[in-house]
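This is what each chain is made of:
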Number of protein chains: 2
Amino acid sequence: MAPRKPSARVTIRTVAADAGVSVAAVSKVLRNAYGVSEALRAKVQASITRLGYRPHAAARGMRGQSYTLGVILPDLTNPFFADIMAGIDAALERTEYQPLLGVGQSSPAVELELVDAMLDRQMDGLILLGPRITIDRIAAIAERAPTVVMAHHPVGPTRFDTVNDDDQLGARLIVQHLAGMGYRSIVYFSQDLQFNESQVTYHRELGYRAAMTEAGLGRYISVVMAEQAPREVRTMVRQLLQGRPRPEAIFCWTDFIAFEVLSVARELGLSVPDDVAIVGYDNTRYCDLAQNALTSIDQSGQLLGLQAARLLVERIKGREEAEHLVITPRLVVRASTVRKNAVLTGN
Amino acid sequence: MAPRKPSARVTIRTVAADAGVSVAAVSKVLRNAYGVSEALRAKVQASITRLGYRPHAAARGMRGQSYTLGVILPDLTNPFFADIMAGIDAALERTEYQPLLGVGQSSPAVELELVDAMLDRQMDGLILLGPRITIDRIAAIAERAPTVVMAHHPVGPTRFDTVNDDDQLGARLIVQHLAGMGYRSIVYFSQDLQFNESQVTYHRELGYRAAMTEAGLGRYISVVMAEQAPREVRTMVRQLLQGRPRPEAIFCWTDFIAFEVLSVARELGLSVPDDVAIVGYDNTRYCDLAQNALTSIDQSGQLLGLQAARLLVERIKGREEAEHLVITPRLVVRASTVRKNAVLTGN
DNA sequence: TCCGTCGTGTAGAACGATTTACGTAAAACG
DNA sequence: CGTTTTACGTAAATCGTTCTACACGACGGA
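Reading guide: rules and limits
Residues numbered from 1 in each chain as written. Chains lettered and ligands numbered in written order. Predicted model: local features only at pLDDT ≥ 70, side-chain atom pairs only at ≥ 80, totals over all residues. Heavy atoms only, no water. Helix = DSSP H or I, 4+ residues; strand = E, 2+ residues; numbered from the N terminus. Near = heavy atom within 4 Å. Polar contact = N/O pair within 3.5 Å; in protein donor to acceptor, adjacent residues only side chain to side chain. Nonpolar A, V, L, I, M, F, W, Y, C, P; charged D, E, K, R; others polar. Buried < 20%, exposed > 50% of the residue type's maximum accessible area, 1.4 Å probe, protein only. Contact = heavy atoms within 4.5 Å. Salt bridge = Lys/Arg side-chain N within 4 Å of Asp/Glu carboxyl O. Arc of directions from axis to C-beta.

Undergrad: Tell me about unusual backbone geometry, residues and numbers included.
TA: Residue and element names in this part refer to chain A. The omega torsion of the bond from Arg244 to Pro245 falls at -5°, within 30 degrees of zero and hence cis. If you trace the backbone, Pro245 turns up in the loop between helix 10 (230-242) and strand 8 (249-252). Looking along the chain, the bond that leaves Val272 and enters Pro273 is cis, with omega of 5°. Although it is not a glycine, Asn32 adopts a positive phi angle of roughly 25°. Examined against the element boundaries, Asn32 turns out to sit in the loop between helix 2 (23-30) and helix 3 (38-51).

Undergrad: Provide a residue-level description of the protein's contact with DNA strand C, including the pertinent values.
TA: Not every one of the 29 residues close to DNA strand C is listed here, only the nearest: Ser22 and Arg63 of chain A together with Ile12, Ser27 and Tyr53 of chain B. Looking at DNA strand C alone, sugar and phosphate atoms form 63% of those within 4 Å of the protein. Between Arg31 of chain B and DNA strand C, the recorded distance is 2.9 Å, taken from a side-chain N or O atom to a phosphate oxygen. Between a phosphate oxygen of DNA strand C and a side-chain N or O atom of Arg60 of chain B, the distance comes to 3.1 Å. Of all the secondary structure elements, the ones that give two or more residues to the surface near DNA strand C are helix 2 and helix 4 (57-63) of chain A together with helix 1 (12-19), helix 2 (23-30) and helix 4 (57-63) of chain B. With four residues, helix 4 of chain B is the single largest residue contributor to the surface near DNA strand C. Residue composition of the surface near DNA strand C, grouped by class: 14 nonpolar, seven polar and eight charged.

Undergrad: Explain the environment of Arg238 of chain B to me, using residue names and the numbers behind them.
TA: Residue and element names in this part refer to chain B. Along the chain, Arg238 falls in helix 10 (residues 230-242). The class of Arg238 is partly exposed, set by a relative accessible area of 28%. With 30 residues separating them in the primary sequence, Arg238 and Leu268 have C-alpha atoms 8.2 Å apart. Excluding its chain neighbours within four sequence positions, the residues that come into contact with Arg238 are Val264, Glu267 and Leu268.

Undergrad: An account of the pattern of salt bridges is requested, with residue identities and associated values reported.
TA: Under the counting rule described, the total for this entry stands at 38 salt bridges over all chains. Residues Glu323 of chain A and Arg319 of chain A are paired through a salt bridge, measuring 3.9 Å at the closest nitrogen-oxygen approach. For Glu323 of chain A, a relative accessible area of 28% puts it in the partly exposed group. With a closest N to O distance of 3.4 Å, Glu143 of chain B and Arg159 of chain B form a salt bridge. Of this pair, Glu143 of chain B sits in helix 7 (residues 135-144) while Arg159 of chain B is found in the loop between strand 4 (147-150) and strand 5 (161-165), placing the two residues 16 residues apart along the sequence. In this pair, the class of Glu143 of chain B matches that of Arg159 of chain B, namely exposed. Several salt bridges share partner residues, and in doing so they unite Asp161, Arg310, Glu314, Arg315, Arg319 and Glu323 of chain A into one network.

Undergrad: Go over helix 7 (residues 135-144) of chain A, please, and point to the residues and values.
TA: Count 3.6 residues to each turn of an α-helix, and residues three or four apart come out pointing the same way. Residue and element names in this part refer to chain A. Taken residue by residue, helix 7 has Ile138, Ile141 and Ala142 as its buried positions. Looking straight down helix 7, one finds that the buried residues subtend no more than 100° of arc, so they occupy a single side. Helix 7 presents Asp136 and Arg144 as exposed residues on the side facing more than 90 degrees away from its buried surface. The inward-facing, buried residues of helix 7 contact helix 6 (108-120), strand 3 (125-129) and strand 4 (147-150).

This is how it looks when you write it as structure tokens:
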């Protein structure tokens, strides 16, 4: 009659006793480590399922891995992230790894705090999605844990992996499409960020500038920036659309912003695309809605997420050299850039 | 010359040695437990900041709390959840608790797996947002950890807290508004779910039915259901809008669906609200866009999230009795239900 | 026959916190 | 003044794993 709690937790020790083997043997089976016979493995597996044993992740984290991956998103409002998460989930479906999300609120301070919080919790690896922090901070994080960065272009060689679409190409595709449709004064509407050089917005700007020059529209190059907040965006867009001369087309760095631009255009009584053409980026599901019908760049968030998760697991398992994946974007044309009477105003 | 790793981790022991006190004393300061003098606290705090010590969450989780709260969302596409998360983040800002998200993919199996994964990781409490699992499963979860359920109405007394808006009232507000504008055949467009009785969709249906009857429109009552997937929604809506007689108004259980309905209506060449009025629920940020201009019900996701987090922390700290918070929804009228020439077709 | 080596399994020391049980000195009490 | 209480600290056990070091028998080559 030892004074034991009746509903004690099923631990690795319980399993070991039940299977008639040592604790270490059970641990080996769990991690499918080297040095267990098939007979022993079967015995232990049987006990595990019979007892309904689940490994205590916190205890695991003390010595080995926690089998938890941290994903940091800038915010939850951009539906593009849903696609990426779907990809990550799909990639980890059959593995032991569990992704958990943190929201960085588009703030460097919050992001850094979140990284620390995740590392305190012994996460085995991190996926940073469009981080707002500087490249050397990311490098420091990568020293502490396996890291994959998405939607963020490093400037030099790095010790972490990256997954991106070719943002310069995406921007070029847009400019080429618009130029082909006869639009000349094309504005690039970007985001006001602190550490610009590695952000996707900047790379899209590079592509925009290059393509404009190539198309002989160099003198129309114009980049406008605004804060992310809807109010800032709207006032900026209103200025833009009420200015003289009015731009013929606006290329927004992400769909989310383009929807705001569509809204302001409509409020001002402007017709899209006859008075002004509008393009987004990311090809989120809202682009397809008839009231938006937004031409956009598809970069397959699902694929991006899948690859990022794959790279991270590889790296956790020991890969040392950095990999930098770039996927090719694709233009999806919708009504927001195609004039009803498609006359090319070719002069 | 003990053979120590040079860059060893700063542990509670390091801090204790540095401050010249015992390990337990430091632990007490960390948890601000009873029985530490102000002098000792100050000494320890100084050491902590000097050494840059951060508690190892996995180790904490072994015996005490992990200071981690799990939040489970059905998906990442509904922008309403962003508001809720903002509220949760705000409430936990100044506390030690760190919220981490999991995505349930609107699937009971995935949700249950996620709950287990979170409990394996010793999370101190769970917030379930619009769970798709049965009420008794939720009850079982609540036995294992403090739990707060949002957007889900329990049928009887429970051992977990809930936070909801008054969904019946919200639906009533919509019907009253539409009836007041002269619409008579108002369809409720709901979601096809397995365990209906406790879902918000069902409560909105109850409100809809009651209000229709009260408004003398009982014979127009009509509830249509579809799967969540865009394709299913669109075909169902197309059927609805091409049927004879065409409904005069469609009340969608959430904004997200209403946007699809707006899209289909436009594709069919129907004018909103002259040919058909459309209403949503949640008042997500996209409602405000001119191309949507969607009348909706505001239930302040931010406030809901804030309260949920507050309740959860309270419960972790020891509260036993369940609390059920209900906040009052508010109708936000936009162009999707207001005819340009507002003639009441009063017969 | 002797001596590695290999394959399998075990005992026990970590990991870094919390928590229990217990000292010890100072303050309060009769 | 002796005793109890209170306040503050401490040592050591504990949580559930992983991992290192080693034991043991079988096998194979010299």
